[in-house]
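Per-entry structural report
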Amino acid sequence: MALKLVEYFCITLRFIMVYICVSSNAQLSTNFYASSCPKLQTIVLNTMKQAVNKEQRMGALILRLHFHDCFVNGCDGSILLEDTSSLTGEKTAFANRGGSARGFEVLDAIKTNVEASCNATVSCADIHALAARDGVVLLGGPTWNVPLGRRDSTTASLTTANANLPPPTSNLSNLNTLFGRHGLTIQEMTTLSGAHTIGQARCINFRAHVYNDTNIDPSFAALRRTNCLSSAGSGDNNTAPLDLKTPIKFDNNY
C-alpha cells in the first residue's frame with residue numbers, strides 16, 4: 001500500500017466520523033461550536049494531555065471507547081450511559097465488561113471543564129470524538145479534522161453491542177462480517193486494526209494462546225507467561241503491550 005498505516009488510518013477514521021458516526025439528522029461541521037464554545041478544542045486537548053501524562057495508556061483507552069461507541073448505533077455517546085431502572089446500558093456488553101472498557105473518568109473530567117466554559121452546549125458524543133483524536137495525536141499519531149454537531153443518545157442497546165463489537169476470539173471471517181455491516185472494506189478493517197499499535201491486552205484474552213498454541217514463538221510465549229499464569233483467575237487483568245517494540249507510540253510497527 002502506498003500510504004503508511006498511520007496516514008491511511010487517518011483517512012479511514014475520517015470516513016467513519018462522517019458516514020458511521022452521525023447519530024441524528026443534524027449536519028456535521030468542523031466549526032459547529034466556533035461561536036457557541038470557541039475554547040472547546042483547547043479544553044479537550046489540555047485535559048487529555050493531563051490524562052495521558054498521568055497514564056500514557058489512556059490515549060489507547062479513549063480511542064477504544066470511541067470505537068466501541070461508534071460500532072453499536074453510531075457515535076452517539078450511548079456507551080457512556082449508566083444502567084437505570086428503565087435502561088440497560090452497554091458497559092456490561094461482553095467486549096466492555098470486567099474493566100475492559102476504561103477511561104470514563106477522563107471523559108467526565110473533560111465534560112466538567114467544557115461545561116465550566118460553555119454550559120449545556122457541547123454533546124458528550126462530540127467531546128468523546130475530539131478526545132479520541134487528541135489521544136492518538138499525543139501518542140505520536142496523525143491528526144484529523146473532527147466533524148461536530150452530534151446529539152447525545154438517550155438510549156443504549158446491550159443486545160446490539162454484543163452483536164456488533166468484535167470479541168477477542170474473532171477469526172478473520174467474523175471480523176470481515178462485523179466491519180462489513182458498517183460498509184467497511186477488508187482493507188479498512190485491517191487499517192483500523194492498526195490502532196492496536198497502542199494499548200494493552202489483558203491476560204484473560206491471550207492466556208490460551210501463550211500456553212496452548214503451537215505456532216507461536218517460544219521466547220515470546222515465555223515472556224507473556226511471566227505475568228499471565230496458566231490457571232484461570234490468576235492475574236486475569238494483568239496486561240501486556242499489543243505492540244512490543246513501541247507500546248506507547250502510534251506508529252507503523254504494529
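What counts, and at which threshold
- Residues numbered from 1 in each chain as written.
- Predicted model: local features only at pLDDT ≥ 70, side-chain atom pairs only at ≥ 80, totals over all residues.
- Heavy atoms only, no water.
- UniProt positions renumbered as here; feature names shortened; annotations may be inferred.
- Salt bridge = Lys/Arg side-chain N within 4 Å of Asp/Glu carboxyl O.
- Buried < 20%, exposed > 50% of the residue type's maximum accessible area, 1.4 Å probe, protein only.
- Core = buried A, V, L, I, M, F, W, Y, C linked by side-chain atoms within 4.5 Å.
- Helix = DSSP H or I, 4+ residues; strand = E, 2+ residues; numbered from the N terminus.
- Contact = heavy atoms within 4.5 Å.
- Disulfide = S-S within 2.5 Å.
- Axes fitted to C-alpha atoms, helices over the stretch in contact; angles between N-to-C directions.
- Left-handed = near helix turned anticlockwise from the far one by under 90°.
- Nonpolar A, V, L, I, M, F, W, Y, C, P; charged D, E, K, R; others polar.
- Polar contact = N/O pair within 3.5 Å; in protein donor to acceptor, adjacent residues only side chain to side chain.

- In the annotation of an unreviewed UniProt entry, the chain is listed under the name peroxidase and assigned to Saponaria officinalis.
- Listed under Sequence similarities (unreviewed entry) in UniProt, the entry text for the chain is "Belongs to the peroxidase family. Ascorbate peroxidase subfamily."
- The record held by UniProt for the chain lists under Catalytic activity (unreviewed entry) the comment "2 a phenolic donor + H2O2 = 2 a phenolic radical donor + 2 H2O".

What about the pattern of salt bridges?
- Scanning the entire structure with this criterion turns up six salt bridges.
- Of the charged contacts in the structure, one is a salt bridge between aspartate 134 and arginine 133, with a shortest N-O distance of 2.7 Å.
- Classification of aspartate 134 by relative accessible area gives buried; the value is 5%.

Topic: the nonpolar core
- Residues Leu40, Val44, Met48, Ile62, Ile110, Val114 and Val122 are the most contacted members of the largest nonpolar core, which totals 36 residues.
- Secondary-structure elements contributing two or more residues to this core are α2 (40-54), α3 (58-73), α4 (104-117) and α5 (124-138).
- Apart from residues lying up to four places away in sequence, valine 122 is in contact with Tyr33, Cys37, Leu40, Lys111, Val114, Glu115 and Ile127.

Considerations on the state of the cysteines
- A complete count under the given rule lists three disulfides for this structure.
- In this model cysteine 37 forms its disulfide with cysteine 118; the gap between the sulfur atoms is 1.8 Å. Of this pair, cysteine 37 sits in the loop between α1 (5-19) and α2 while cysteine 118 sits in the loop between α4 and α5, and the two are 81 residues apart along the sequence. Of the two residues, cysteine 37 and cysteine 118, both sit in the buried class.
- Disulfide pairing places cysteine 203 opposite cysteine 228 at an S-S distance of 1.9 Å.

What to know about unusual backbone geometry
- A positive phi angle is found at alanine 120, which is not glycine, with a value near 50°.
- Here alanine 120 lies in the loop between α4 and α5.
- Owing to a relative accessible area of 66%, alanine 120 belongs among the exposed residues under this scheme.

A closer look at the packing of α4 against α5
- Contact geometry of α4 with α5 gives a least axis separation of 10 Å together with a crossing angle of 115°. Crossing geometry of α4 relative to α5 is assigned as right-handed. Along its contact with α4, which presents Leu107, Ile110, Lys111 and Val114, the element α5 presents Cys124, Ile127, His128 and Ala131.
- Taken together, the residues of the contact of α4 with α5 sort by class into six nonpolar, one polar and one charged.

Some points on the UniProt feature "binding site: Ca(2+) 1" (unreviewed entry) in the chain
- In the numbering used here, UniProt assigns the feature "binding site: Ca(2+) 1" (unreviewed entry) to Asp69, Val72, Gly74, Asp76, Ser78 and Glu90. Despite a sequence span of 22 residues, these residues sit close together in the fold, their greatest C-alpha distance being 13.0 Å.
- Mapped onto the elements, glycine 74 comes out in the loop between α3 and α4.
- For glycine 74, a relative accessible area of 5% puts it in the buried group.
- Mapped onto the elements of the fold, aspartate 76 is located in the loop between α3 and α4.

Comments concerning the UniProt feature "binding site: Ca(2+) 2" (unreviewed entry) in the chain
- UniProt records the feature "binding site: Ca(2+) 2" (unreviewed entry) for Thr197, Asp243, Thr246 and Asp251 in the present numbering. In terms of the greatest pairwise C-alpha distance, the residues named above, spread along 55 residues, form a tight cluster of at most 9.6 Å across.
- Looking at the element boundaries, threonine 197 is found in the loop between α8 (186-193) and β1 (200-202).
- Those residues in contact with threonine 197 that sit more than four places away from it in its chain are Asp243, Thr246, Pro247, Lys249, Phe250, Asp251 and Tyr254.
- A polar contact of 3.3 Å, which involves the side chain of threonine 197, links it to the backbone oxygen of lysine 249.
- With sequence-adjacent residues up to four places away left out, aspartate 243 is seen in contact with His196, Thr197, Asp251, Asn253 and Tyr254.
- Here threonine 197 takes part through its side chain, which lies 3.2 Å from a polar atom of the side chain of aspartate 243.

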